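Breakdown of the fold
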Amino acid sequence: MSDDTTTITVFDAVRALAFIGDLSMGQPTDHSLRTAWLAGKIAAEAGCDARQIEAVRHVALLRWSGCTANAQEFADFLEDDVQGRRAMLASPAPRVRQPPIGGPVPDAVLAMADIHCEIAGDIANMLGLSRETEAALRTVFEAYDGSGIPGVLQGDEVPLATYVVALASDLEIFGRLYGVDEALTLARGRADSLYPAFLVDASAPHAAAWMKELDAPVAPWTAPTEQPASMLQHMGLELVGDVIDLKLPWMTGYSRSVARLARDCAVQLGLDEVACHRTYKAGLIHGIGRAAVPNAIWNAPEPLPASSLERVRLAPYWTSRAAGQIDGLAAEAEIASFAFERRDGSGYFRGRSGSAMPLEGQIVAAAQHWQSHRTRRPWRDEFTQTQALDRLQEDAAAGRFDTEVVTALLACVMPGTSPKPAVQAQGDASLSQRELEVLRCISQGHNTKEVARVLGISPSTVRTHVERLFQKLGCTTRAAATLKAATRGLDLAATAARSERSVPSAASMRRRSSSLTTRTSALSSERLEQTSSASFTRWGPMSLSRPA
């Protein structure tokens, strides 16, 4: 898909990724936009040239683009990956050197930072942004005094954009929560520690005016037409869908599968080409709001309590909110927000029914529902094709889906009846078949022993294959390998459908999830308290049951 009706500008992709990052961090959905504007102002006052100012704005927008990639690791560490991050960013405690400069960084913290920075840097590279932008994103948790993470750089070794954005973020968050004066006091407490003092000195005289301008009725962000030519280039929206799916390893490739099925269903129904492309793009971003819900809820093995279910029901609301913030995706995000609505009014978040649901929204909802049935979850195995078929037909008979839409969708998924086959998954000549099998397993979050068991090889052999495929893909983490493989067109989804032994059973996933919940619940409060002041701070009816 290469024509402009199936692509978006790099600028809109960046804004979409910023929106997802803000949700992941538990921040207002304009946090990154506000931070980018402030960063540009700080950079100008510090004497930066136009290229440097452009870089700091892009770094601010993409600073949290790696958050979905390490969400599961963060959930392991603090249990609630969303609220945990929110609490750390909001902590006004002075940054203290824990551990001391040169001391060991906890392995869990180091791993999370590595994943985040590698993904953020890779995204900048894939978007064709400047080397300065990429370099800053790969060092986003380093500190001026050398006490950052991983703590291998300090002073002038760290890109200036890293410091400018760290200060801009502090001023935005602390100014919003505690007022401008307190924000400056807190920033001065971090001067020559997290960022150089001269940046704070350059910002202080203007901070009050800047915050007043930020809070004006008309937001002062840079308009798309004022962006450099590189940001107005067109690119595929698939990257955004892939980043969304990184949040939950068992959803690898999910957004692409929903999008392809929704497009094929639209073709079967006779929609025009523009509508088919729009439906495809809506399928790719239907999961934007998923970032606002902690992994512990998505992975919970038992029926959800009402409070957790309410957070799930708000996920498509956040997708809808993206429509009002990302101009180039306004129509698609609005369609995508109907992914969990039902024609009988039992869906969410609007509870719309019948003709109040646009046809394209009904198509995405049906495609999402089918893909959900055919995807293994921590609390259940994937449904067979026959089971999924029976359930979808039952839903149509009960009025939850339009019969014509379901008939068209089933014509696309039943053997030999697809009207327009989805683009075939590509191979990669650099990867052996065994390496590709290992990659499919690790992309879904399985550890070395699990991969060894399902492939019938030794753990040491698995480790050898992982080292080789990491080297070939040019990455160092599972998340980065997953993202790079997806952008190369490698088929990482639906592994279970290809082989029953390809992934651990749902029972195994439940045992691991239950053990993790027990282990983390006792530690999460203590860890949150410790990390909030440590160096890590910088950085039936649908309404009554769990979504399928």
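It should be emphasised that the depicted structure is a prediction, and the values quoted were computed from it without experimental measurement.

The next subject is the overall build of the protein chain. Scanning the protein chain from N- to C-terminus turns up 27 helices and 2 strands. Counting the 548 residues in the protein chain, one finds 58% classified as buried. Entry remark: accessible area of the protein chain is about 21,200 Å², with carbon and sulfur atoms responsible for 51%.

Of all hydrophobic cores here, the largest spans 164 residues; its most connected members are L127, V240, I285, W370, L409, L439 and L469. Not counting the four nearest positions on each side in its chain, I285 is found in contact with L237, V240, I244, T319, L329, E332, A333 and A336.

Residue P150 is bonded to the preceding I149 through a cis peptide linkage, with omega at 5°. For P150, the location among the structural elements is in the loop between α7 (131–137) and α8 (160–178). Here the residue pair Y348 and F349 is connected by a cis peptide bond, since its omega of 15° sits within 30 degrees of zero. Inspection of the secondary structure puts F349 in the loop between α18 (330–336) and α19 (359–373). A positive phi angle, near 75°, is found at E79, a position not held by glycine. By relative accessible area, which is 24% here, E79 ends up partly exposed. At D192, a position not held by glycine, the phi torsion is positive, near 60°. Its location among the elements puts D192 in the loop between α9 (180–189) and α10 (197–203).

Examined against the element boundaries, D395 turns out to sit in helix α20 (residues 385–397). Among the residues examined, D395 registers a relative accessible area of 10% and is labelled buried.

Thresholds, definitions, all that
- Residues numbered from 1 in each chain as written.
- Predicted model: local features only at pLDDT ≥ 70, side-chain atom pairs only at ≥ 80, totals over all residues.
- Heavy atoms only, no water.
- Helix = DSSP H or I, 4+ residues; strand = E, 2+ residues; numbered from the N terminus.
- Buried < 20%, exposed > 50% of the residue type's maximum accessible area, 1.4 Å probe, protein only.
- Areas by Shrake-Rupley, 256 points an atom, 1.4 Å probe, with all protein chains shown as cover.
- Core = buried A, V, L, I, M, F, W, Y, C linked by side-chain atoms within 4.5 Å.
- Contact = heavy atoms within 4.5 Å.

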